[in-house]
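Structural overview
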Amino acid sequence: MSERTEDRDADLKAGPGLLTSSAERAGAAFRETYFQHAPLMRHVAMRRFGVPPSAAEDIVHDIFASYLANPSVVRGDLRTYLLGAIWNASRQYRRKHDREEPLDSAPEPVAPDVSDRLATQLTVARVLAQLRPECREALTRVHAENEKGTDVAASMRRSCDALYQLLSNCRRQARALFQKLARGATA
Amino acid sequence: MSAHCDDRELARIVEGTGTADAEAHLRACEACRERVDDLTLDLFLADPETHLIAEELSGGSTRLNENVRTAQLLAEEDEEAEERLRPYLLNPARFGRSTFLRSRQHRTAGTVRVLCRAANQRCEQRPLEARIIADNAAAIADSLTADHYLGSGIYLLRGLAWKEQGNARHALGQFDAALDSFERALREYGRVEGATLERAIVNYCRGRAFSQSERFDEALAVLAASEAEFLARRDMSRYVDCQLVVGNTLFRRGDTAEAIRIWQALAAHAESGDDALLLARISNNLGWAHLGLGEWIAATAAFRRAHAEFVRLGKDTQAARSRWGLARLQVEADLGRGVEALRQSLHECERYGMTDDAMLVSLDLADAMLRAGQTAECHRLCKSLVRYFRRAGLQNAALRALEHLRTAALRKALTRSVIGFVRDFIERVIANPSLRFSPPVA
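Residues numbered from 1 in each chain as written. Chains lettered and ligands numbered in written order. Predicted model: local features only at pLDDT ≥ 70, side-chain atom pairs only at ≥ 80, totals over all residues. Heavy atoms only, no water.

Thoughts on the overall build of chain B
Counting its regular elements, chain B contains 22 helices and zero strands. In terms of C-alpha radius of gyration, chain B reaches 30 Å, well past the compact-globule figure of 22 Å for 442 residues. Taken along the three principal axes of its C-alpha coordinates, chain B extends 95 × 65 × 35 Å. Counting the 442 residues in chain B, one finds 50% classified as buried. For chain B, the proportion of contacts with a sequence separation of at least 24, taken over those separated by at least 6, is 56%. On chain B, roughly 20,400 Å² of surface is accessible, and the fraction owed to carbon and sulfur atoms is 48%. (Helix = DSSP H or I, 4+ residues; strand = E, 2+ residues; numbered from the N terminus. Rg over C-alpha atoms; globule rule 2.2 N^0.38 Å. Buried < 20%, exposed > 50% of the residue type's maximum accessible area, 1.4 Å probe, protein only. Contact = heavy atoms within 4.5 Å. Areas by Shrake-Rupley, 256 points an atom, 1.4 Å probe, with all protein chains shown as cover.)

Quick look at the interface of chain A and chain B
Between chain A and chain B, the residue contacts involve 59 residues of the former and 54 residues of the latter. Interface area for chain A against chain B, summed over the two sides, is near 5,300 Å², with a carbon-plus-sulfur share of 57%. Scanning the region where chain A abuts chain B turns up twelve salt bridges. In this structure, Glu 56 of chain B and Arg 42 of chain A form a salt bridge, with 3.2 Å as the shortest nitrogen-oxygen distance. Elements represented by at least two residues in the side of chain A that touches chain B include exactly helix H1 (3-13), helix H2 (22-48), helix H3 (53-69), helix H4 (78-98), helix H5 (112-130), helix H6 (133-144) and helix H8 (160-186) of chain A. Broken down by element, the residue count for the side of chain A that touches chain B peaks at 13 residues, all from H2 of chain A. Tallied by class, the residues present in the side of chain A that touches chain B amount to 26 nonpolar, 16 polar and 17 charged. (Buried area = accessible area lost by both parts, 1.4 Å probe. Salt bridge = Lys/Arg side-chain N within 4 Å of Asp/Glu carboxyl O. Nonpolar A, V, L, I, M, F, W, Y, C, P; charged D, E, K, R; others polar.)

Quick notes on the confidence of the model for chain B
Close inspection of predicted coordinates is inappropriate in any region flagged by low pLDDT. Residue-level pLDDT values for chain B average 91, and 99% of them are 70 or greater. For this predicted complex, the interface confidence comes out at an ipTM of 0.78, alongside a pTM of 0.82. (pLDDT = per-residue confidence, 0-100.)

With respect to the nonpolar core
Across soluble globular proteins, nonpolar side chains show a tendency to be buried alongside one another. Residues Phe 64 and Ile 86 of chain A together with Val 112 and Leu 115 of chain B are the most contacted members of the largest nonpolar core, which totals 134 residues. Setting aside residues no more than four positions away along its own chain, Val 112 of chain B makes contact with Ala 137, Ile 140, Ala 141, Leu 144, Leu 157 and Ala 161 of chain B. Membership of the second largest hydrophobic core comes to 48 residues, among which are Trp 324, Ala 327, Met 354 and Leu 363 of chain B. (Core = buried A, V, L, I, M, F, W, Y, C linked by side-chain atoms within 4.5 Å.)

Remarks on the state of the cysteines
Taken as a whole and assessed by the stated rule, the structure comprises one disulfide over all chains. Across the disulfide from Cys 135 of chain A sits Cys 170 of chain A; the S-S distance is 1.9 Å. Its torsion about the S-S bond being -80°, the disulfide of Cys 135 of chain A and Cys 170 of chain A is classed as left-handed. Here Cys 135 of chain A, found in helix H6, pairs with Cys 170 of chain A, found in helix H8; they are 35 residues apart in sequence, far enough to count as distant. Cys 170 of chain A carries the same exposure label as Cys 135 of chain A, and that label is buried. Take Cys 32 of chain B: it sits in no disulfide, and the sulfur closest to it among the cysteines is that of Cys 29 of chain B, at 3.6 Å. (Disulfide = S-S within 2.5 Å.)

Quick notes on the environment of Leu 39 of chain B
Residues and elements named next belong to chain B. Structurally, the position occupied by Leu 39 is in helix H3 (residues 30-45). The class for Leu 39 is buried, based on a relative accessible area of 18%. Contacts of Leu 39, omitting those with residues within four sequence positions, involve Asp 7, Leu 10, Ala 11 and Val 14.

Topic: the pattern of salt bridges
Residues and elements named next belong to chain B. Taken as a whole, this structure holds 51 salt bridges over all chains when the rule is applied. Note that Glu 340 and Arg 343 form a salt bridge whose closest N and O atoms lie 3.5 Å from each other. Placement of both Glu 340 and Arg 343 in helix H18 (residues 335-352) is noted, with a separation of three residues, approximately one turn of the helix. Here Glu 340 falls in the partly exposed class, since its relative accessible area comes to 39%.

A word on the environment of Leu 335 of chain B
Structurally, Leu 335 of chain B is set in helix H18. Considering only alpha carbons, one finds Leu 335 of chain B and Met 369 of chain B, 34 residues apart in sequence, at a separation of 8.3 Å.

Here is the structure:
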């Protein structure tokens, strides 16, 4: 594992309690809050309201920026507030772009299987974040963007064999990390 | 299940729809677990969303990094502001005596946030301090430039400061001034497209101010808009607060039956949510509403329920209010015992320092005495009220109303309608201290 990866690993493990200044703690706490809720918010915007991914991302960040500017608006459960906000913002987006009013006017409770799925997705994303940059690039382009192996190999200045070797090593590392994180989470 | 799971079964496990047998096998079989891990990785690696999250986790998202930096700045600013403002918050009179607003070091968003929090915390108990603090928060918020690092969040901050000023003015009974502040808050929030919750909160505040200043139609209109937003956001706590104000507004307007309908729906909500305090408060409201309609049985049940819950929750003063309701009912069943029960209620109010309630109980007692033929005692009581409540620090309009009662007692001209007139006024002036007393036209 490279030095850079270990740094990143350490950063990921550093919870708010290990940080010294209030600013560092606030930054870490915000990140924690963000990753706890943002995937579900994007899920609601994209899957429930059909908001395009880039717009959904913008909406989520705008909601968090508003929350930071005025956290006192949240009474009680932050998740309820954030879900209400994404529901509302997505509805506005749809109204603005499609002039179409969605049927439901109030946020629906999130099904447990969606929550479980998003938790697993976050774990896989944490795995990806801990891999070397070239591992991530190769896995993203081949698995998520469905680029041809030859194209990916060429742009990464590798032979096809070297790319597949890289992918195989990265998968092995990813699986080991996933097992560690997933088992850690269930332990 | 002893044999390994096939790929279809494993895929179902990954999707969360695996059978109990397959799940049991998985717990015992390392090979199948590894296969499930592989399939899970395949599934999520193929989802672009996973890569987006990974990018954000590794610090590659500009927007997230901006927000993290903002969170850090806010914490730094708040910490500094708390330190700098400590002497001012310990003694808010310093705001007036110093060059606080002219000092550049205080012109930060952190100062506004810390002042807003302090104003909010003091609003109920020390409204004058809250108003001084909120005035400064609003002035500083307005002085922050539009190119602030908060971006459009600066309008949210200004809206918050004006809202807190409105709350403080409301707590001081300055409803018109409070409504002006709330208008300013709405204007600021109006500049942020997504600030619908903030606007609903301010409209709720406006609804309370309209209601207490007896502008009932305006109150109900803005409360309806707020209520819809709270419901759409599943913000049930604010929705309930809003409904309580709607119920109170209808009750004050004289739509008792409609108020009962609202409160009954809220009582059902409180019951299903196991919210005993809310249920007790609503039951108490229902008691008064049924009492007003002469529905003695329903009133008794509601007051008893409220009383039992308040006692169980250790809310002594609120339990005393339910006992007062029961004493009023006792008057209808047995005048003599009712007078005695009201006397006990009056002692309780005095003991707990419940001055406003004590005024109303005194008038209920005077009315019951008159009905029971205890005229001399009633006159004595009415003559003593002005002196007693002046000593308790009561406001002028209420004292003028009690003075009117005293004059009637001195002239031996006390009637139930005079007592009723004064009682109605006192009840209104408790909600709206800006009212002026005018004696009834003879």
